[in-house]
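Structural characterization, general
One letter stands for each residue in the lines below.
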Amino acid sequence: MDAIPRQFEIQGHRGCRGLLPENTIAGFIKAIDLGVDTLELDVVVSKDRKLVVSHEPHFNPEISTAPKGKLLKSHQETNLFEMDYDEIKKYDVGQKGNPNFPEQYKVKSHKPLLSEVFQVVSDYQSTRNSRPVSYNIEIKSLADEYHKTQPAAEEFVDLLLLEIGNALNISKFTLQSFDFNVLRYLDLRRENTKKYSISVLIEPEDNNEIDFNLEKLGFKPDIWSPNFSVLSHAKVEYLHSLGIKVIPWTVNTEAEMDKIYAYGCDGLITDYPNRAIKYIKK
């Protein structure tokens, strides 16, 4: 592999989930220290309509601890959409570690607000005089969950656009989702708000045929973000011919990184940005 022969974006998945608890301040700071181009993270909505950085609309019992050290038995015990943020913040999501990521360091952590992430990262980078980091924010939305564990697509998007509009020191955002209703509304709204790119996410078990999804979506997104396993050199070339960038997830091994780079992808999303930076940019 040549030494950085082209622009290639490395995104830290949920910060750097392989090394520190996911979607936490500690994980985002570590990802910045490692040199990621972009922080990839997820947002859900609390009862008091605050944007909480979390992959699920509940506390995952595998990695979470309730106040006073109480153990959680099931994700059904909590619904963040029915909890005010003051209550959510009392839960720990870092001290148990994650059995799926044995290299992950355990550290006391809470689910932060998106606004807190923006502020802490901005302050941290200012003290280091480092280049600004970009954001790739996933709107965790499912049509079946509207008004149950989340607001409807339009309200969810409006809340997020208001938040990023207030982020004065951040210039580059990508907004992504598996929910095509969310993506269509993002496309409708972006002429009248702060500029952002739109990325379409597709599950590997779903129909990954490109033209099928473009027709279903109804517009051309800026970025195609499937699971890396469904890609091929021909698919990447076709997407590039349409003017669409390709940034797959979640690419964690050197063999996977080598394949994705050889396909001509524009970047990757990884739990191990340390591996990607060492390997891709060696």
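Note: the structure precedes this text.
In short, a report on the structure. What you are looking at is a predicted structure, and each value in this text was computed from that prediction instead of being measured.

**A look at the side chain of S225**
Among the structural elements, S225 can be located in strand β7 (residues 223–226). The exposure class of S225 is buried, given its relative accessible area of 1%. Each residue touching S225, except ones within four places of it in the same chain, is listed here: Q176, S199, V200, L201, I202, I247, P248, W249 and I269.

**Some words on the nonpolar core**
The biggest cluster of nonpolar side chains holds 71 residues, and the ones touching the most others in it are Y135, I137 and L186. With six residues, the top contributor of residues to this core is helix α4 (residues 153–165). With sequence-adjacent residues up to four places away left out, I137 is seen in contact with L41, V43, L114, F118, L160, I164, F173, T174, L175 and Q176. Of all hydrophobic cores here, the second largest spans 12 residues; its members include F59, L80, M83 and Y91.

**Quick look at the pattern of salt bridges**
All chains considered together, the criterion is met by 12 salt bridges. Linking D187 and R190 is a salt bridge whose minimum nitrogen-to-oxygen distance equals 3.5 Å. Take R190: its relative accessible area is 18%, and that puts it in the buried class. A salt bridge links R190 to D222, with the shortest nitrogen-to-oxygen separation between them at 2.7 Å.

**Points about the packing of aromatic side chains**
Under the criterion given, the structure shown has seven aromatic pairs. Look at F8 and Y261: their rings are 5.1 Å apart centre to centre, the planes differ by 50 degrees, and that puts the pair in the tilted class. Of this pair, F8 sits in the segment before β1 (9–13) while Y261 is found in helix α8 (residues 254–263), placing the two residues 253 residues apart along the sequence. Grouping residues by exposure puts F8 and Y261 together as buried.

**Looking at the layout of surface pockets**
Counted as a void, the largest pocket has a volume near 870 Å³. Surrounding the largest pocket, 40 residues form its lining, K140, S141, L142, F178 and E203 being those nearest its centre. Listing elements by their share of the lining of the largest pocket, those giving two or more residues are β2 (38–45), β4 (134–139), α5 (180–189), β6 (197–202) and α6 (210–217). Taken together, the residues that form the lining of the largest pocket break down as 12 nonpolar, 15 polar and 13 charged.

**Quick notes on the packing of α4 against α5**
Running from N to C, α4 and α5 point in directions that differ by 50 degrees, and their axes come no closer than 9 Å. By the angle between their axes, α4 is oblique relative to α5. Like other packed secondary-structure pairs, α4 and α5 cross with a definite hand, here right-handed. In contact with A153, E154, V157, D158 and L161 of α4, α5 contributes N181, V182, Y185, L186 and R189. For the contact of α4 with α5, a count of residues per class yields six nonpolar, one polar and three charged.

What counts and how
Residues numbered from 1 in each chain as written. Predicted model: local features only at pLDDT ≥ 70, side-chain atom pairs only at ≥ 80, totals over all residues. Heavy atoms only, no water. Helix = DSSP H or I, 4+ residues; strand = E, 2+ residues; numbered from the N terminus. Buried < 20%, exposed > 50% of the residue type's maximum accessible area, 1.4 Å probe, protein only. Contact = heavy atoms within 4.5 Å. Core = buried A, V, L, I, M, F, W, Y, C linked by side-chain atoms within 4.5 Å. Salt bridge = Lys/Arg side-chain N within 4 Å of Asp/Glu carboxyl O. Phe/Tyr/Trp six-rings, centres within 6.5 Å; stacked < 30°, edge-to-face > 60°. 1 Å grid on protein atoms, 1.4 Å probe; cavity = no way out; pocket = protein on both sides within 12 Å on 5 of 7 lines; lining within 4 Å. Points joined across faces, edges and corners; volume = space filled by probe spheres on them. Nonpolar A, V, L, I, M, F, W, Y, C, P; charged D, E, K, R; others polar. Axes fitted to C-alpha atoms, helices over the stretch in contact; angles between N-to-C directions. Parallel < 35°, antiparallel > 145°, perpendicular 65-115°, else oblique. Left-handed = near helix turned anticlockwise from the far one by under 90°.

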